[in-house]
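# Structural features, examined
Spelled out from the first residue to the last, the chains are:
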Amino acid sequence: MNRVYVCNCFGVTEAQVKKHAEGGACTPRQIASACKAGTDCGSCVRRIQALLGRGACPRGELVDRREPVVAELEELEEAA
């Protein structure tokens, strides 16, 4: 299998970034918190943004519909 590295500083692969995105990381900062990618030289941040793309965030559809995301999060927390 051919590994495509996104972050050479920390050896983070494209597959790892996608896995964190599937787990709910919606921004480069959240990816950085999960695996350090983008926290050293920063040259991979744009690639991470491209991988996340539009619609990668589970709540992205709310933003597209111009619905309040914060209210939706509060409802989810109350239900839990």
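A brief report on the enclosed structure follows. (Residues numbered from 1 in each chain as written. Predicted model: local features only at pLDDT ≥ 70, side-chain atom pairs only at ≥ 80, totals over all residues. Heavy atoms only, no water.)

### Some thoughts on the overall build of the protein
In terms of regular secondary structure, the protein is built from five helices and two strands. Per-residue burial for the protein yields a buried fraction of 24% across its 80 residues. Across the protein, every contact between residues at least 6 apart in sequence was considered, and the portion connecting residues at least 24 apart equals 44%. When the accessible surface of the protein is split by element, carbon and sulfur atoms take 48% of a total near 5900 Å². (Helix = DSSP H or I, 4+ residues; strand = E, 2+ residues; numbered from the N terminus. Buried < 20%, exposed > 50% of the residue type's maximum accessible area, 1.4 Å probe, protein only. Contact = heavy atoms within 4.5 Å. Areas by Shrake-Rupley, 256 points an atom, 1.4 Å probe, with all protein chains shown as cover.)

### Looking at the pattern of salt bridges
Under the counting rule described, the total for this entry stands at two salt bridges. Two residues, Glu14 and Lys18, come together in a salt bridge whose shortest N-O distance is 3.3 Å. One end of the pair, Glu14, and the other, Lys18, are both in helix α1 (residues 14-22), four residues apart, so they sit about a helical turn from each other. Using a relative accessible area of 17% as the deciding quantity, one classes Glu14 as buried. Across the pair Arg47 and Glu14 runs a salt bridge, and its minimum N-O distance is 2.4 Å. Of the two residues, Arg47 sits in helix α3 (residues 45-52) while Glu14 sits in helix α1, which places them 33 residues apart along the sequence. You can call Arg47 partly exposed: its relative accessible area is 38%. (Salt bridge = Lys/Arg side-chain N within 4 Å of Asp/Glu carboxyl O.)

### Describing the environment of Lys18
Lys18 gets classed as partly exposed once you look at its relative accessible area, which sits at 39%. Placed 13 residues apart in sequence, Lys18 and Ile31 show a C-alpha to C-alpha distance of 9.4 Å.

### Quick notes on the packing of α1 against helix α2 (residues 28-35)
Put simply, α1 and α2 touch, their axes get as near as 10 Å, and they point 110° apart. On the basis of their axis angle, the class for α1 and α2 is roughly perpendicular. Facing Val17, His20 and Ala21 of α1, the residues of α2 in contact are Ile31, Ala34 and Cys35. (Axes fitted to C-alpha atoms, helices over the stretch in contact; angles between N-to-C directions. Parallel < 35°, antiparallel > 145°, perpendicular 65-115°, else oblique.)

### Describing the side chain of Glu14
A polar contact of 2.4 Å, which involves the side chain of Glu14, links it to the side chain of Arg47. Filtering out sequence-adjacent residues up to four positions away, Glu14 remains in contact with Val4, Val6, Arg47 and Leu51. (Polar contact = N/O pair within 3.5 Å; in protein donor to acceptor, adjacent residues only side chain to side chain.)

### Let's talk about the nonpolar core
Core analysis: the largest hydrophobic core is formed by twelve residues, namely Val6, Cys7, Val12, Val17, Ala21, Ala25, Ile31, Cys35, Ala37, Cys44, Ile48 and Leu52. Each residue touching Leu52, except ones within four places of it in the same chain, is listed here: Ala21, Ala25, Cys26, Thr27, Pro28 and Ile31. (Core = buried A, V, L, I, M, F, W, Y, C linked by side-chain atoms within 4.5 Å.)

### Quick notes on the environment of Lys19
You can see Lys19 is positioned in helix α1. Distance in space between the C-alpha atoms of Lys19 and Ile31 is 9.9 Å, their sequence separation being twelve residues.

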